[in-house]
Amino acid sequence: MPLSVRRPEAARTPSEWDTPWRAALRRIEQAGYGQSVYDAYKEAGPVLWQCFGPQAAIDLAGSISQLAIRGGRRAAALLPNAAVEASDQLARLEHFARWLEAVETVAKQAPEFAVLLLERTRQLLEVLDIQSFIAFTRMGLSIGRPDPKRGRAFFSLSSPEALKLLERGGVGGLADRRAMLRAYLAALWGIQPPLVEVPADAAEHLRRRPGCGRDGIRLPSSFPGFSGEDEKDLYRAALAHLGAHHRFTRAAFPASGLKPLQIALVSLIEDARVERLAITSMPGLHRLWGRFHVARPEGTPVAISLMARLSRALLDKDYVDPHSWVEKGRRIFEQAIADDISDPQLSRRIGGLLANDIGQMRLQFDAKAYVVQPAYRDDNLGLWDFDMEENQASSEMEAVFEGAVMNQREGEGGRNEEDPETDHSSGLVRQSSGDEAIVSTCYPEYDYLSGHYRPEWCTLREMPCEIGAAATVSILRETRSDLVERLSALMRSARISRQERVKRQPDGEYLDIDASIAAMVSRRAGEIPDTSIYGRYDRRSRDISVLLLIDTSRSTNDLISGTSTRVIEVERLAASFMARAMESLGDPFAIAAFCSNAREDVRYSRIKDFGQPFDDRCIGRLAGLSSDFSTRLGPVIRHGGDRLRGQNTYRRLLLIVTDGEPSDIDVDDRQYLVEDARTAVQELKRDGMDVFCVTLDSGAESSAGRIFGRKWSLGISSPDELPHRLPQLYLRLRS
């Protein structure tokens, strides 16, 4: 439909704008772009004036010229109509100007994508705000630069990356809220389990609801239909509910012999019981949860809708439902919790009774179509103990506990075994398609220009290590025992643990009440009192776990400044000395190496795992390290943080040994990888982990201070400097 017909007022322009408007029209007409470009601009200009003023229309003429030169006449003809569509969605002139700039950037860097972007402007801006639109274009250019076919699929909105970004609405979602949600859960319930995204290949009903298991709390990447503050509150409500289960559901219910309807109703009653207990101590949760109970007492009384109405009735005392089954459920629930709300067996009794009534009413229950209501409640799989050895493989039962079995990976001999370390709070675990890789994990990456994460942007693959030569192994195992002893003494003296109260001291920081009373009793009995009546706070033990990450990028093959020694050689020696020292102290530690070859091939090699001795096999892997590829720190830091989360120690340290500057072949903006690594460090620190960097001086520029902070990084040129420089690290850890 022509713009002048859709907006008849667009054709009218005031006289004071007539001269510059005609000049802009004349410039486009005489440029030789074709009649279609001129006609489109002639209709779009007045519309933009009405929205944003005359300057917007004049600027559009310049942009049309840019697109005609860079992207061709078709792109130039599409731009005016796309600009009008953008004006419908963008309320402010500065936002429109940024949109126009983003379009010009695409035309300049990848002209073949400009037409695809302009054709989908309305579709994009109906979902994305301006920041997210810019993030979308930047992501598309990053994808399309090395692979034009994938770039075309992205801008055509047919690639998984584009669809996922649109599904999340560009902003919000789990990726942007993970840190806030962790803090919220810790503040509310005092727990910090990993928050992982529901796998994209999970069943539909599992992708729509939270859940919990050995891998932590599983949350949807977004809640369709919710955005902004509503989505944030929905995530909070979900975590508050799961925390209530953690606190008040003490043991799993046995599922043996129960039908899917019985399992669903017992779960519903248990949901209501733990919420009532939580509201008793935190009344504000009633308002948080209540806003998402939207079931109404009308419509056909089918089983699933009656269950949603019962859920609301058990939370909202003011809700009135005419159906006798709902009122019966409320009545017997109130009677049971008045007798003993702490007894979880009441859920089993009431759920079984109500399920029997549903059967008596001949109401059908489709377990495959059932999704727990309201949206914040979890799938309840964590409430049940499914006996996998029993033969209950009916299609309905499979639908109920589908997805309850944790991800498994193929072990030696072709058998399946659970991966005890698949605990990724910020990554999506996938089975690797490679022959040798153990597991692949997708991590987000932070785009500092748009201020948003690019979801599942980097693929980290765990790769096997090469074994080094026997001579190198011998050097790493035996060289400089004196230095290892000095490092051991340094680490031993730095007692990193929680402070303990040491009582009955001759001097101290406070009076020891028990010792003071005993001294007074002795004095009144005529005895000589013990004068050790003070106490103090002291660290008497060690409680720290360390993950040492070694940079093996190609730049580590350079020489240390002023020496004939390569960086990789110093890294191997420093890692060996520190590992031997930590092994002698009994500190839990692990070692891994990393490099990258673009965002889809970030490589991570385990040299030593936690709980594994630092033996000749580990030393052989360390000796086999060689330099190749690039340094993409962000996903490696996030992966290392996931490994450390499983360590139950007072301090958890991620120690990175590198030659400095992050870089990769698919990134032109050097600041981009620096800011992503800095954001990854901040994510780990918010989770209570320490991140420290040791840089080896190869003469290359270093951004360690920007990424880790000046107090959390140090530079050395030789392992001999470690005893002199590491006290800085341990002083920070003691604080």
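Since we're looking at a predicted model, the values are computed, not measured. Counting starts from 1 at the beginning of each chain's written sequence and moves along it residue by residue. Local features in a predicted model are, by the rule used here, given only for residues with pLDDT of at least 70; side-chain atom pairs are given and counted only at 80 or more, and totals for whole chains, interfaces and linings are based on all residues. Think of the side-chain values as coming from all heavy atoms in the structure, minus any hydrogens and water.

J.: Hey, could you run me through the overall build of the protein chain in this one?
T.: Scanning the protein chain from N- to C-terminus turns up 29 helices and 19 strands. Here's how the labels work: a residue is buried when its accessible area is under 20% of the maximum for its type, exposed when over 50%, partly exposed in between, all with a 1.4 Å probe on protein chains only. For the protein chain, the proportion of its 735 residues judged to be buried stands at 53%. What makes two residues a contact is simply this: any of their non-hydrogen atoms within 4.5 Å. Here the analysis covers contacts within the protein chain between residues at least 6 apart in sequence; of these, 70% occur between residues at least 24 apart. In the form shown here, the protein chain has an accessible surface area of approximately 32900 Å², with 48% of it arising from carbon and sulfur atoms. Each helix is a run of DSSP H or I of at least 4 residues and each strand a run of E of at least 2, with the numbering of both proceeding from the N terminus. Only the protein chains shown count as cover for residues, with accessible areas throughout obtained via the Shrake-Rupley method and a probe of 1.4 Å.

J.: Whenever I open this one, the side chain of S703 confuses me. Can you help?
T.: By secondary structure assignment, the location of S703 is in the loop between β18 (690–696) and α28 (704–708). The contact partners of S703, leaving out residues within four places of it in the chain, are E661 and V674.

J.: Explain the packing of aromatic side chains here, please?
T.: Given two aromatic rings, their pairing is described by the distance between the two centres and the angle made by the two planes. Paired rings are identified among Phe, Tyr and Trp, the last through its six-membered ring, by centres lying within 6.5 Å, and are further divided according to the angle between planes into stacked (under 30 degrees), edge-to-face (over 60) and tilted (the rest). Applying the stated criterion to the full structure yields 14 aromatic pairs. Between F253 and W384, the ring centres sit 5.4 Å apart and the planes meet at 45°, which makes this aromatic pair tilted. Of this pair, F253 sits in strand β4 (residues 253–254) while W384 sits in strand β5 (residues 384–385), and the two are 131 residues apart along the sequence. Residues F253 and W384 agree in their burial class; the two are buried. A connected cluster of aromatic rings, assembled from ring pairs, spans F113, F136, F154 and F155. Over the ring of W457 we find R599; its NZ or CZ atom is 3.7 Å from the centre of that ring. It is K608 that lies over the ring of F589; its NZ or CZ is 4.1 Å from the centre. To sit over a ring, a charge needs its Lys NZ or Arg CZ within 6 Å of the ring centre and within 35 degrees of the ring normal.

J.: Explain helix α24 (residues 567–585) here, please?
T.: One turn of an α-helix holds 3.6 residues; hence residues three or four places apart share an orientation. The length a helix should cover is 1.5 Å for every residue beyond the first. For α24, with 19 residues, the first-to-last C-alpha span of 27 Å sits near the 27 Å given by 1.5 Å per residue. The buried fraction of α24 amounts to 15 of the 19 residues, a majority that puts the element mostly inside the structure. Positive phi shows up at G586, right after α24, with a value of about 80°.

J.: What should I look at first to understand the pattern of salt bridges in this one?
T.: Side-chain pairing between opposite charges can occur once the charged atoms of the two side chains come close. We define a salt bridge as a contact between a side-chain nitrogen of Lys or Arg and a carboxyl oxygen of Asp or Glu at a distance within 4 Å. Counted according to the given criterion, the structure contains 39 salt bridges. Of the charged contacts, one joins R122 and E85 as a salt bridge, the two residues approaching to 3.9 Å between their closest N and O atoms. Placement of R122 in helix α8 (residues 121–125) and of E85 in helix α5 (residues 73–89) is noted, with a sequence separation of 37 residues between them. Look at R122 and you get partly exposed, because its relative accessible area is 28%.

J.: Sorry if this is basic, but what is going on with the nonpolar core here?
T.: Burial of nonpolar side chains together is a common tendency in soluble globular proteins. Put simply, buried Ala, Val, Leu, Ile, Met, Phe, Trp, Tyr and Cys residues joined by side-chain atoms within 4.5 Å make one nonpolar core. Judged by nonpolar contacts, the single largest core of 61 residues is most densely connected at Y41, L60, I64, L79, F96, W99 and F136. If we skip the residues at most four places from it in the chain, W99 touches L79, A82, A83, A86, L90, L118, T121, L125, I130 and F133. Membership of the second largest hydrophobic core comes to 60 residues, among which are V567, V570, I637 and I707.

J.: Before we go on, may I ask you to explain the pairing of strand β10 (residues 452–462) in this structure?
T.: Here β10 lies mainly inside the structure; ten of its eleven residues are buried. Paired strands are those between which DSSP finds at least two bridges. Relative to β10, strand β9 (residues 440–447) runs antiparallel, the two being bridged by seven bridges. Within β10, the residue paired with Y446 across the bridge is Y453. Between β9 and β10, which follow one another and run antiparallel, lie four residues, and G451 among them has a positive phi close to 80°. Sheet analysis places β10 next to strand β16 (residues 602–608), joined by three bridges and oriented parallel. Note on β16: the bridge partner recorded for E462 is Y604.

J.: What should I look at first to understand unusual backbone geometry in this one?
T.: Excluding glycine, residues mostly have negative phi values, and the peptide bonds linking residues are mostly trans. Here the bond from Q373 into P374 is cis, since omega is 0°, no more than 30 degrees from zero. Relative to the elements of secondary structure, P374 occurs in the loop between α19 (345–360) and β5. Backbone geometry places N380, a non-glycine residue, at a positive phi of 70°. Within the element layout of this structure, N380 appears in the loop between α19 and β5. What makes N380 buried here is its relative accessible area of 5%. Even without glycine at this site, A598 takes up a positive phi of about 80°. Relative to the elements of secondary structure, A598 occurs in the loop between β15 (589–596) and β16. Its relative accessible area of 16% is what places A598 among the buried residues.

J.: For this particular structure, what's the right way to read α19?
T.: Here α19 is 16 residues long and its end C-alpha atoms lie 23 Å apart, about the 22 Å a rise of 1.5 Å per residue gives. Every buried residue of α19 is accounted for by L346, S347, I350, G351, L354, A355, D357 and I358. Looking straight down α19, one finds its buried side chains confined to an arc of 155°; they lie on one side. Opposite the buried face of α19, at more than 90 degrees from it, the exposed residues are R349 and Q360. Tucked inside the fold, the buried residues of α19 contact β4, α15 (260–281), α17 (303–315) and α18 (324–340). Phi turns positive, to about 60°, at R362, one or two residues after α19. The arc refers to the directions leading from the helix axis to the C-beta atoms.

J.: Even after reading the chapter, I still don't get the pairing of strand β17 (residues 651–658), so can you show me in this structure?
T.: A regular strand carries its side chains on alternate faces of the sheet. Summarising burial for β17: eight of the eight residues are buried, a large majority. Neither face of β17 is open: one carries R651, L653, L655 and V657, the other R652, L654, I656 and T658, and all of them are buried. Here strand β14 (residues 544–551) runs beside β17; their pairing, made up of seven bridges, is parallel. Within the sheet, the bridge partner assigned to L547 lies in β17 and is L654.

J.: For this particular structure, what's the right way to read the packing of helix α2 (residues 18–30) against helix α3 (residues 35–52)?
T.: For any two helices packed against each other, the geometry comes down to the angle between their axes and how far apart the axes lie. Inter-axis angles, ranging from 0 to 180 degrees, are taken between N-to-C directions of lines fitted to C-alpha atoms, where helices are fitted over the stretch in contact. Packing of α2 against α3 brings their axes to within 9 Å, and their N-to-C directions diverge by 160°. What the angle tells us is that α2 and α3 run roughly antiparallel. The interaxial crossing formed by α2 with α3 has right-handed handedness. Along its contact with α2, which presents W21, A24, L25, I28 and E29, the element α3 presents V37, Y38, Y41, K42, G45 and P46. Gly falls in the polar group here, along with every residue not listed as nonpolar (Ala, Val, Leu, Ile, Met, Phe, Trp, Tyr, Cys, Pro) or charged (Asp, Glu, Lys, Arg). Looking at side-chain class alone, the contact of α2 with α3 contains eight nonpolar, one polar and two charged residues. For classification purposes, angles smaller than 35 degrees are called roughly parallel, those larger than 145 roughly antiparallel, those between 65 and 115 roughly perpendicular, and all remaining angles oblique. In a left-handed crossing the near helix is turned counterclockwise from the far helix by less than a right angle, and in a right-handed crossing that turn is clockwise.

J.: What's the story with the side chain of R209 in this structure? I'm lost.
T.: Within the element layout of this structure, R209 appears in the loop between α13 (204–207) and β2 (211–213). With relative accessibility at 7%, the residue R209 sits in the buried group. Within the structure, the side chain of R209 is placed 2.6 Å from the backbone oxygen of V372, a separation counted as a polar contact. Here a polar contact means two N or O atoms within 3.5 Å. Within protein one must be a hydrogen donor candidate and the other an acceptor candidate, and residues neighboring in sequence count only if both atoms are side-chain atoms.

J.: Even after reading the chapter, I still don't get the environment of G329, so can you show me in this structure?
T.: If you trace the backbone, G329 turns up in helix α18. With a relative accessible area of 0%, G329 lands in the buried category. Sequence separation between G329 and M307 is 22 residues, and the spatial gap between their C-alpha atoms is 9.9 Å. Setting aside residues no more than four positions away along its own chain, G329 makes contact with L310, L314 and L354.

J.: Would you explain the confidence of the model for the protein chain in this entry?
T.: For residues with low pLDDT, the predicted coordinates do not support detailed interpretation. A residue's pLDDT is simply how confident the predictor is in it, with values from 0 to 100. Per-residue pLDDT for the protein chain averages 79, and the proportion of residues at 70 or more is 81%. At the level of individual helices and strands, the protein chain shows its lowest average pLDDT in strand β6 (residues 408–410), which scores 33, and its highest in helix α16 (residues 284–290), which scores 94. This model gives residues 431–437 a pLDDT under 50, and the stretch forms nine contacts once residues within four places in sequence are excluded.

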